[in-house]
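A structural walkthrough
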Amino acid sequence: MALRVEHLPGLSGWAPAMLHENGNSWLSLPVASGHAEFSIRLPLTEPHVAALRADPARAWIIFGALHARLQSLGPRVGQSLAPDIAAAILPRILGAEDLGRLCTDLRAEVPDFDNAIAQASDHSFHAP
């Protein structure tokens, strides 16, 4: 089965996308690290896929939470740690009922949270 890219509705700019192949799904996050640009694939479960389809804006929240961290890791290390990163952050963001509180918490953890989202989305998305 060929790789299928699913662009989430309402996302513009340098947007995260879902990838599907052979029954597996990933959230592909673009990352710029100095002169290197790469994408990291975070493994998704069926509930994750359903949550992103129901609320695509959560993909930007995931991006904001991870972008600076992924930049500092670089492509090789970032890709090797993707499953651990996904296990830690995806359930927290995709399962959150109060996105405003979640984003407040993420702003305290990730100083560049809002700026990363604004630049990547061409200022089309602002986290609650």
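Quick look at the structure, then. On a predicted model such as this, the values are computed, not experimentally measured, just so you know.

Parameters and conventions
- Residues numbered from 1 in each chain as written.
- Predicted model: local features only at pLDDT ≥ 70, side-chain atom pairs only at ≥ 80, totals over all residues.
- Heavy atoms only, no water.
- Helix = DSSP H or I, 4+ residues; strand = E, 2+ residues; numbered from the N terminus.
- Buried < 20%, exposed > 50% of the residue type's maximum accessible area, 1.4 Å probe, protein only.
- Lys, Arg positive; Asp, Glu negative; His and termini not counted.
- Charge placed at Lys NZ, Arg CZ, Asp CG, Glu CD.
- Patch = residues over 30% accessible without salt bridge, like charges linked within 9 Å, V, L, I, M, F, W, Y side chains within 5 Å.
- Areas by Shrake-Rupley, 256 points an atom, 1.4 Å probe, with all protein chains shown as cover.
- Salt bridge = Lys/Arg side-chain N within 4 Å of Asp/Glu carboxyl O.
- Pairing = 2+ DSSP bridges.
- Core = buried A, V, L, I, M, F, W, Y, C linked by side-chain atoms within 4.5 Å.
- Contact = heavy atoms within 4.5 Å.

**Regarding the overall build of the protein**
- Looking only at helices and strands, the protein has four helices and four strands in total.
- Considering only C-alpha atoms, the protein reaches an extent of 40 × 35 × 25 Å along its principal axes.
- Within the span of the protein, comprising 128 residues, buried residues form 46% of the whole.
- When the 9 positive and 13 negative side-chain charges of the protein are each reduced to one mean point, those points stand 3 Å apart.

**Some words on a nonpolar patch on the surface**
- Taken together, the side chains of L73, V77 and L81 present a nonpolar region at the surface, about 190 Å² in accessible area.
- Considering the arrangement of structural elements, one finds L73 in helix 2 (residues 58-94).
- Residue classification places L73 among the partly exposed residues on the basis of a relative accessible area of 30%.

**With respect to the pairing of strand 2 (residues 17-21)**
- Within strand 2, four of the five residues are buried, which leaves it mostly tucked inside the rest of the structure.
- By the bridge criterion, four bridges tie strand 1 (residues 4-7) to strand 2 in an arrangement that is antiparallel. When the sheet's bridge partners are listed, V5 is paired in strand 2 with L19.

**A look at the nonpolar core**
- The biggest cluster of nonpolar side chains holds 40 residues, and the ones touching the most others in it are L29, L42, L52, I61 and I62.
- If you list the elements that add at least two residues to this core, you get strand 3 (24-33), strand 4 (36-44), helix 1 (46-54), helix 2, helix 3 (99-109) and helix 4 (113-120).
- Examining the composition of this core, we find that 15 residues originate from one element, helix 2, more than from any other.
- Apart from the residues lying within four places of it in its own chain, the contact partners of I62 are L27, L29, L42, L52, L90, I93 and L94.

**Section: the side chain of S28**
- Inspection of the secondary structure puts S28 in strand 3.
- The buried category is assigned to S28, whose relative accessible area is 12%.
- The contact partners of S28, leaving out residues within four places of it in the chain, are P16, A17, L19, S39 and I40.

**Looking at the environment of H67**
- Tracing the backbone shows H67 in helix 2.
- In sequence terms H67 and A120 are 53 residues apart; their C-alpha atoms lie 9.9 Å from each other.
- With residues up to four places along the chain from it excluded, the contact list for H67 reads P30, V31, A32 and A116.

Note that every value here comes from positions in space, so none of it alone points to a role or purpose.
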